[in-house]
Amino acid sequence: MKKTVLTACFAIATALPALSQEKNLSGKELFGDLSARHIGPALMSGRIVDLEAHPINDRILYAGTAGGGVWKTTNGGATFSPIFDEHAQSIGAVVIDPTDPDKTVWVGTGEIWTRNSVSLGDGLYKSTDGGTTWAKKGFENSERISSIVINPENPEEMYVGVMGALWGDSEERGIFKSNDGGETWKKILYTDQTTGAADLVMDPSDTNTLYASMWNFRRTPWGFNSGGTSSALYKSTDAGKTWSKIHDGFPSGKLGRITVAIAPSAPKTLYAAVETEKAETNGLYRSDDAGATWKHLNSDFGLTVRPFYFARLVVDPKNPEVVVKGGLTGSISHDGGKTFKNLGPQHADIHDVSFDINNSDRIYTATDGGVYRSWDGGATFEIVENIPVSQFYHVSVDDAEPYNVYGGLQDNGSWFGPSSSPGGIEARDWEPIGGGDGFRVLKHPTKNIIYSEAQGANPVWRYDVAKKQAKVIAPLPEGDEELRFNWNAPMAVSAHQPDRFYMGSQFLHRSEDMGDTWTKISPDLTTNDPSKQDKESGGLSKDKSGAETHTTIFTIAESPLDQNLIWVGTDDGNLQLTRDGGKTWNNLVKNVPNLPANSWVSHIETSVHNPGTAYAVFDRHAVGDMKPYVYKTSDFGVTWKSITTDEINGYARNIQEDYEKENLLFLGTEMGLYITVDGGKHWAHFTNNLPPVAIPFIELHKKTSDLVLGTHGRGVIILDDISPLRQINNEVLQKDLHFFDTPAGIIKEERNFGGASSETQFVGANPGSQARIIYFLNKRHTFGKMSLDILDENGNIVASPSPGKSKGLNIVNWNYLQKTPKVAVGKVPSFVMAPRVLAGDYKVVINKGKEQYEHKISVKNDPSSNVTAEEREENRKLTFRLFEAVEDLAYLGYKIDSYVKALEKSDSKNAGKMTAELTQLKSKLVVTTGDRYVQEAEDELREKLSDLYNQVAGSFDKPAPVQYTNTAEYEKQLEQAWADFQKIEKKYASKVNSELEKAEKKQVELKSKEEFVTE
């Protein structure tokens, strides 16, 4: 017996003889054609970090996003396309090489707007083909790259500003220089392990002059600190060999984040936004002597708010007096920074601005809600509508058909939309159901009620969809009590009592009436550590948003098998269980092996297979530990075992157990989706149309077996029907070819009247509606013939789709159609559809070399159809009656054309007469003039017959009486045409053939009808 082992990316463990043969299988080979589909949405988009304009071509612009990779437009921002899908999706900086702008692009990964929910980067990348392919160029441990500067006179000389780790110390910080185009790097400015490079710019008039800001910062799960004695603004005039602080005019004391910008048209003019110890000295500073001295100009709120989040200054490339500062609304000055006004209405939180190289009235902005563009200098804006980089914190689904997906978005409220929609999932299909930052969204199990929330459970809504009414229902404190709700407060609905609703603060709250009244069913389940409850977060600039509220419950999981069994996980490391509905609680975290103390419990998954089984995911990234921690218990938490391996890249966020196969698990990590079919012994990275994006939540639809991913950067992504993965085992992997059982294909009868989106809007893909033939190939088929045929119950071949030949999982889609009837040839083509097959069982036959493999699939009619079996049969009979007529006419046309072609070079009278009479006959059968558009000719028999055939074959309903009447009429005309042809043939055929023979020319040879229609 052969032994099959998947290593590196995936493996199936077996206990087979040592002499067995081993085989390696990567994730892509295993998953094969199983692919993800993106449904958006894009109408609220997501956070954009950086914009980079082409220096010559104003149609090209790059956008680096917080969690959705890099996007590029080549049409002036009308539409964008992703170009960085195989790499880390969190972006810090995008820079075009000014000496090779069409081809060379650099990307520094790791978001630099350091809020509590930012993702990670993994280094520096270079493209030499305009973003088609990328190569890593170091800085694997940088976590965040803020700046890339390239010498416009010598691209071999370049600089990188590394901000570094957000949640811990790191040596890979500061300013680095390369003299060989990024192949090797040298650190040229470094302060300490807690201070990184926040900004770096080069004087366009003197490439030896650089300005760099260094920033002391640190984030913890319960706080953020910006500023210290090591924060400073530096200048070098010798290409980075030496650096000097340039603080003349800055206040003394600690500094925080500093951003600096040079006026391109007046390089001695500099602007800096400086965070200081005092509100009155914060804000905008200006230098007109290349940084030698500074003058404080403005401390408006729009310039000073949240400097860790808004730290970008941009100067108009043509006018040094026009400067824009990122902020809540964005601020623009036309008088050199003395006064500012808000940018025009757009999504809040402006992170970057880009001026058009030729027209400064044309402005692009990077916001928390996508890319916007203005044509009037920033007075009015419109959103770019096809960048689906929405950042979900959570998703859930309902049992509607098609099911809906619910979720909350970073700074974009809460929404729900369909998993499929006529014409694709459009912006108009999504409905808002909450404001603020959206987090958990849950559908009531039996009522048309939706629960949603904003940050910190302030507020929580119960929304009646039919009445469009919302009620605020969050648990309220009793007396002087203070409830601590996490920024992403947990909610749960009961699988046992539909109106039961849970919420977690430091207590577990339960409502039996959908939130109207609440009962605490636990004591404080957190550590209640007062050192982690300081609300004075922010450092030099206080930031009391609630994002750092700590020692809270973060996840709630009621067992689907026992309503009294409830798990609770806290953000400070407690793993609590009650088995009596909340009367008593047991903190089981001490039983988890090799888990550091106070590890954030990000998710608990309760098993549907065994009440004692649960999975716990711990997330330690906010204390600088990026390893995944995932554990399983089978005895109610008494013992735990780790189910992670070195195959997993990135810390874990969420886990989903399959409802049918216990060992099939899906793991959402900071770097994408991982799948195991052996309970966690081995994991495979799923990358088929799925970037390595952060996945904070996963839901598995129980009816469709669709895996629904809520990503923090690429919206909702769905893997349709993962049921084939349930069938993968060692026996399957040993076979040369193995067919998987699939659900019956459904011949949908819905009419698609969607497609109302404009050409520039994103439209989410619908799931396929075709029958799926799924099989596993042990190795790629490269030599010899391979065919796939679908046969009906009588053994007739009804379709022969092209087979997949790749190693791993192959998916062949069949659209339920048989072969298309042959149509008579005319001046312009006539298009007819293929007839559908009947519902029933079909045999799939794959011939692969000398081997033959067989499988059965089923096809069913749409269960929601109103068409009766008798009506369906009448439709089918008339369809094939017309099918025969269409092909009969095609055969007649073929015969006419064959004679005409054979006689075209003959100059005999008989040939001329026969050709003329046949041409005249054909003119009555098919259109022989015009173009059926602006020179439309009268329909002839082919056009009438084809149109009637398409009407009947394209419908599911009983044919109308007039369709029967017209069929009979066209059959009569066809019969007469055949009679006319036979008369002409009888009159001339023997004569012209004799003449051809005498002239030693080839005589007319005609195929039989069977030969003609099957060729």
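Residues numbered from 1 in each chain as written. Predicted model: local features only at pLDDT ≥ 70, side-chain atom pairs only at ≥ 80, totals over all residues. Heavy atoms only, no water.

### What to know about the overall build of the protein chain
In plain terms, the rule: Helix and strand labels come from DSSP, where a helix needs a run of H or I of at least four residues and a strand needs a run of E of at least two; each type is numbered from the N terminus. Any pair of residues with heavy atoms lying within 4.5 Å of one another is described as a contacting pair. All accessible areas in this document rest on Shrake-Rupley with a 1.4 Å probe, and a residue is counted as covered only by the protein chains that are shown.
Check the secondary structure of the protein chain and you find nine helices and 66 strands. Principal-axis analysis of the C-alpha atoms gives the protein chain an extent of 110 × 75 × 70 Å. Long-range contacts, defined here as pairs at least 24 residues apart, represent 56% of the contacts in the protein chain between residues at least 6 apart. Split by element, the accessible area of the protein chain, about 40600 Å² in all, is 48% carbon and sulfur.

### Some thoughts on the nonpolar core
Worth spelling out the cut-off: Residues grouped as a nonpolar core are buried Ala, Val, Leu, Ile, Met, Phe, Trp, Tyr and Cys residues, joined through side-chain atoms within 4.5 Å. Burial classes follow relative accessibility: with a 1.4 Å probe on protein chains only, a residue under 20% of its type's maximum area counts as buried, one over 50% as exposed, and anything between as partly exposed.
The biggest cluster of nonpolar side chains holds 40 residues, and the ones touching the most others in it are Leu889, Leu892, Met914, Leu925 and Phe981. Where this core is concerned, the elements lending two or more residues are helix H5 (869-903), helix H6 (909-925), helix H7 (941-953), helix H8 (961-998) and helix H9 (1009-1014). For this core, the element with the highest residue contribution is H5, accounting for 13 residues. Those residues in contact with Leu889 that sit more than four places away from it in its chain are Ala824, Leu925, Leu941, Arg942, Leu945 and Leu974. Counting residues in hydrophobic clusters, the runner-up holds 30 residues, among them Ile698, Leu719, Ile728 and Ile774.

### With respect to the UniProt feature "domain: Sortilin N-terminal" (unreviewed entry) in the protein chain
Just so we agree on the cut-off: UniProt positions are given in the numbering used here, feature names are shortened, and annotations may be inferred rather than shown by experiment.
Within this numbering scheme, the UniProt entry marks residues 124-250 as carrying the feature "domain: Sortilin N-terminal" (unreviewed entry). End C-alpha atoms of residues 124-250 are separated by 33 Å, and the span's content is 0% helix alongside 44% strand.

### With respect to the pairing of strand S11 (residues 158-162)
Note the following rule: A pair of strands is considered paired only if DSSP assigns at least 2 bridges between the two.
Burial analysis of S11 places five of its five residues in the buried class, which makes it a mostly covered element. Pairing analysis gives five bridges linking strand S10 (residues 145-150) to S11, with the strands arranged antiparallel. Within the sheet, the bridge partner assigned to Val149 lies in S11 and is Tyr159. One ladder, built from five bridges, connects S11 with strand S12 (residues 174-178); its direction is antiparallel. Following the sheet pairing, Tyr159 is matched in S12 by Lys177.

### Re unusual backbone geometry
With an omega dihedral of 5 degrees, the bond running from Gly40 to Pro41 counts as a cis peptide bond. Checked against the element boundaries, Pro41 lands in the loop between strand S1 (36-40) and strand S2 (48-53). Each neighbour pair has its own omega, and for Glu401 with Pro402 the value is -10 degrees, a cis peptide bond. Note on placement: Pro402 falls in the loop between strand S31 (392-397) and strand S32 (404-409). One non-glycine residue, Ser705, adopts positive backbone phi at about 60 degrees. If you trace the backbone, Ser705 turns up in the loop between strand S56 (697-700) and strand S57 (707-710). Of note, the phi angle at Tyr816 is positive, near 70 degrees, even though the residue is not glycine. Residue placement: Tyr816 occurs in the loop between strand S64 (808-814) and strand S65 (840-848). With a relative accessible area of 5%, Tyr816 lands in the buried category.

### A look at the pairing of strand S50 (residues 629-633)
Looking down a regular strand, the side chains alternate between one sheet face and the other. The element S50 is largely enclosed, with a buried count of five among its five residues. For strand S49 (residues 614-619) and S50, the ladder comprises five bridges, and the chain directions are antiparallel. Counterpart to Tyr615 in the pairing with S50 is Lys632. Where S50 meets strand S51 (residues 641-642), two bridges bridge the pair, whose relative direction is antiparallel. Pairing of Tyr631 across the sheet is with Ser642, part of S51.

### Observations concerning the sheet that holds strand S6 (residues 91-96)
Spatial ordering of the open sheet is given by S6-S7-S8-S9, a layout of four strands whose pairing is antiparallel. Two strands lie at the open edges of the sheet, namely S6 and strand S9 (135-136), each paired on one side alone. Across five bridges, the pairing between S6 and strand S7 (residues 105-109) is antiparallel. Counterpart to Ile96 in the pairing with S7 is Val105.

### Notes on the packing of aromatic side chains
As a reminder of what qualifies: Note on ring pairs: Phe, Tyr and Trp rings are taken, using the six-membered ring of Trp, and paired if centres are within 6.5 Å. Classes follow the plane angle, with under 30 degrees stacked, over 60 edge-to-face and the rest tilted. A positively charged side chain is recorded as over a ring if its NZ (Lys) or CZ (Arg) lies within 6 Å of the ring centre. The angle to the ring normal must also be within 35 degrees.
Under the definition given, this model contains 31 aromatic pairs. Between Phe139 and Phe176 the ring centres are 5.1 Å apart and the planes differ by 85 degrees, which places this aromatic pair in the edge-to-face class. Taken together, the residues span a long stretch of sequence, with Phe139 in the loop between S9 and S10 and Phe176 in strand S12 at a distance of 37 residues. On the numbers, 5.9 Å between centres and 80 degrees between planes, the contact of Phe618 with Tyr631 is edge-to-face. With Phe618 in strand S49 and Tyr631 in strand S50, the pair connects residues that are 13 residues apart, well separated along the chain. According to the relative accessible area criterion, Phe618 is buried, its value standing at 0%. One aromatic cluster is present, built from ring pairs that chain together Trp215, Phe217, Phe224, Phe308, Tyr309 and Phe310. In this structure, Arg440 packs its charged tip against the face of Phe554, placed 5.0 Å from the ring centre. For the cation-ring pair, Arg836 lies above Phe956, with the distance from its terminal atom to the ring centre recorded as 3.8 Å.

### Here we look at the environment of Tyr631
What counts, and what does not: Counted as a polar contact is a pair of N or O atoms within 3.5 Å, where, for protein atoms, one must be capable of donating a hydrogen and the other of accepting one, and residues adjacent in sequence contribute only when both atoms are in side chains.
Residue classification places Tyr631 among the buried positions, given a relative accessible area of 3%. Between the alpha carbons of Tyr631 and Ser146 there is a distance of 36 Å; along the sequence they are 485 residues apart. Sequence-distant contacts of Tyr631, defined by excluding residues within four places in its chain, comprise Val592, Pro593, Asn594, Leu595, Ala614, Tyr615, Ala616, Phe618, Trp640, Lys641, Ser642 and Ile643. Reaching out from Tyr631, the side chain makes a polar contact with the backbone oxygen of Pro593 at a distance of 2.7 Å.

### With respect to the sheet that holds strand S59 (residues 737-739)
Counted only if it meets this: The axes are straight lines fitted to the C-alpha atoms, using for helices just the contacting stretch, and the angles between their N-to-C directions are given from 0 to 180°.
In spatial order, the strands read S59-S61-S64; together these three strands make up an open sheet with antiparallel pairing. The open sheet terminates on both sides in strands that have one partner only, identified here as S59 and S64. Strand-to-strand, the axes of this sheet are offset by a mean angle of 25 degrees, without reference to chain direction. Where S59 meets strand S61 (residues 771-777), three bridges bridge the pair, whose relative direction is antiparallel. The residue bridging His738 from the neighbouring strand is Phe776, located in S61.

### Here's the deal with the packing of H5 against H6
Selection rule: For classification purposes, an angle smaller than 35 degrees is called roughly parallel, one larger than 145 roughly antiparallel, one from 65 to 115 roughly perpendicular, and anything else oblique. Handedness of a crossing is defined here by the sense of rotation of the near helix relative to the far one, left-handed for an anticlockwise turn of less than a right angle and right-handed for a clockwise turn.
Where H5 contacts H6, the two axes come as close as 10 Å, and the packing angle between them is 150 degrees. Taken together, the axes of H5 and H6 lie roughly antiparallel to each other. As H5 packs across H6, the resulting crossing turns out to be left-handed. Residue-level contacts link Leu889, Leu892, Ile896, Asp897, Tyr899, Val900 and Leu903 of H5 to Ala911, Met914, Thr915, Leu918, Thr919, Leu921, Lys922 and Leu925 of H6.

### What to know about H6
Under the convention used in this document: Helix span, expected: 1.5 Å multiplied by one less than the number of residues in the helix. This arc describes the spread of directions from the helix axis toward the C-beta atoms.
Taking 1.5 Å of rise per residue, the 17 residues of H6 would be expected to cover 24 Å, and the 25 Å separating its terminal C-alpha atoms lies within 8% of that figure. Residues of H6 that are buried include every one of Ala911, Met914, Leu918, Leu921, Lys922 and Leu925, and no others. Looking down the long axis of H6, one finds its buried residues gathered within 100 degrees of arc, a one-sided arrangement. Away from its buried face, by an angle of more than 90 degrees, H6 presents the exposed residues Lys909 and Lys924.

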